[in-house]
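# Working through the structure, step by step
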Amino acid sequence: VQLQASGGGLVQAGGSLGLSCAASGTIFWIKDMGWYRQAPGKQRELVAVITTGGSTNYADSVKGRFTISRDNAKNTAYLQMNSLTPEDTAVYYCTLTTINTYWGQGTQVTVSS
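What comes next is a walk through the structure. (Residues numbered from 1 in each chain as written. Predicted model: local features only at pLDDT ≥ 70, side-chain atom pairs only at ≥ 80, totals over all residues. Heavy atoms only, no water.)

Turning next to the environment of Gly14. Positionally, Gly14 belongs in the loop between β2 (9-12) and β3 (17-24). Between the C-alpha atom of Gly14 and that of Gln80, which follows or precedes it by 66 residues, the distance is 13 Å. The residues contacting Gly14, other than those within four sequence positions of it, are Ser83 and Leu84. (Helix = DSSP H or I, 4+ residues; strand = E, 2+ residues; numbered from the N terminus. Contact = heavy atoms within 4.5 Å.)

Looking now at the sheet that holds strand β8 (residues 76-81). Spatially, 4 strands are ordered β1-β3-β8-β7 in an open sheet, and the strand pairing comes out antiparallel. Two strands in the sheet have a free side with no partner beyond their single neighbour: β1 (2-6) and β7 (66-71). The average angle at which neighbouring strand axes cross in this sheet is 15 degrees, direction not considered. In the sheet, β7 pairs with β8 via 6 bridges, with the strands oriented antiparallel. The residue bridging Asp71 from the neighbouring strand is Thr76, located in β8. (Pairing = 2+ DSSP bridges. Axes fitted to C-alpha atoms, helices over the stretch in contact; angles between N-to-C directions.)

Trp35, Val47, Phe66, Leu79, Met81 and Tyr92 are the most contacted members of the largest nonpolar core, which totals 30 residues. Elements supplying a minimum of two residues to this core: β1, β3, β4 (32-38), β5 (45-51), β7, β8, β9 (90-97) and β11 (107-112). The residues touching Met81, leaving out its near neighbours within four places in the chain, are Gly15, Ser16, Leu17, Leu19, Arg65, Phe66, Tyr92 and Val109. (Core = buried A, V, L, I, M, F, W, Y, C linked by side-chain atoms within 4.5 Å. Buried < 20%, exposed > 50% of the residue type's maximum accessible area, 1.4 Å probe, protein only.)

A few words now on the packing of aromatic side chains. In the structure shown here, the tally under the stated rule is 2 aromatic pairs. Members of the aromatic cluster, connected to one another through ring pairs, are Tyr36, Tyr93 and Trp103. Above the plane of the ring of Tyr93 lies Arg44, whose end atom (NZ or CZ) is 3.9 Å from the centre. Lying over the aromatic face of Trp103, Arg44 brings its terminal NZ or CZ to 4.8 Å of the ring centre. (Phe/Tyr/Trp six-rings, centres within 6.5 Å; stacked < 30°, edge-to-face > 60°. Lys NZ or Arg CZ within 6 Å of the ring centre and 35° of its normal.)

Bringing the pattern of salt bridges into the picture now. Taken as a whole, this structure holds 4 salt bridges when the rule is applied. A salt bridge links Glu45 to Arg37; the nearest nitrogen and oxygen atoms lie 2.7 Å apart. With relative accessibility at 33%, the residue Glu45 sits in the partly exposed group. For Arg37, a relative accessible area of 4% gives the class buried. For the salt bridge of Lys63 with Asp60, the shortest nitrogen-to-oxygen distance reads 3.1 Å. The class for Asp60 is exposed, based on a relative accessible area of 64%. Three or more residues are tied together by salt bridges with common partners; here these are Arg37, Glu45, Arg65 and Asp88. (Salt bridge = Lys/Arg side-chain N within 4 Å of Asp/Glu carboxyl O.)

So, in C-alpha cells, the structure goes:
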C-alpha cells in the first residue's frame, strides 16, 4: 500500500488549504483513513480520521475549522483546512489503516501570521 499526499503549501493566517491523500496498491478493506501532523519540536498528533462508514473524529484544536472527507471508490481522503492559524504549521501525514497502519510521506503546511 502506498499513500501519496499532496496540497500543502504556504498560506496566510485566516486562509484555507486542502490536502488530498490517494492510496494505491492491493487494498481489500480499509478501516479508516486519517491525517496526523507534527510541528517542530512537538510530538506527532492526530488531526482527523474518517472510517469507511463515514464516522469522523477530530482533534479539539481543529474542530469547526477542518473537515475530513473520503472518496471510497478512489481510496482517497481529503482534509479541508479553514481559518488556519500559525499554530497549524506542521508536516501533515496521511494514514490508511487496514490490519496495519500505513503512512504517507509528509506534506508541509506553513501558516504565516
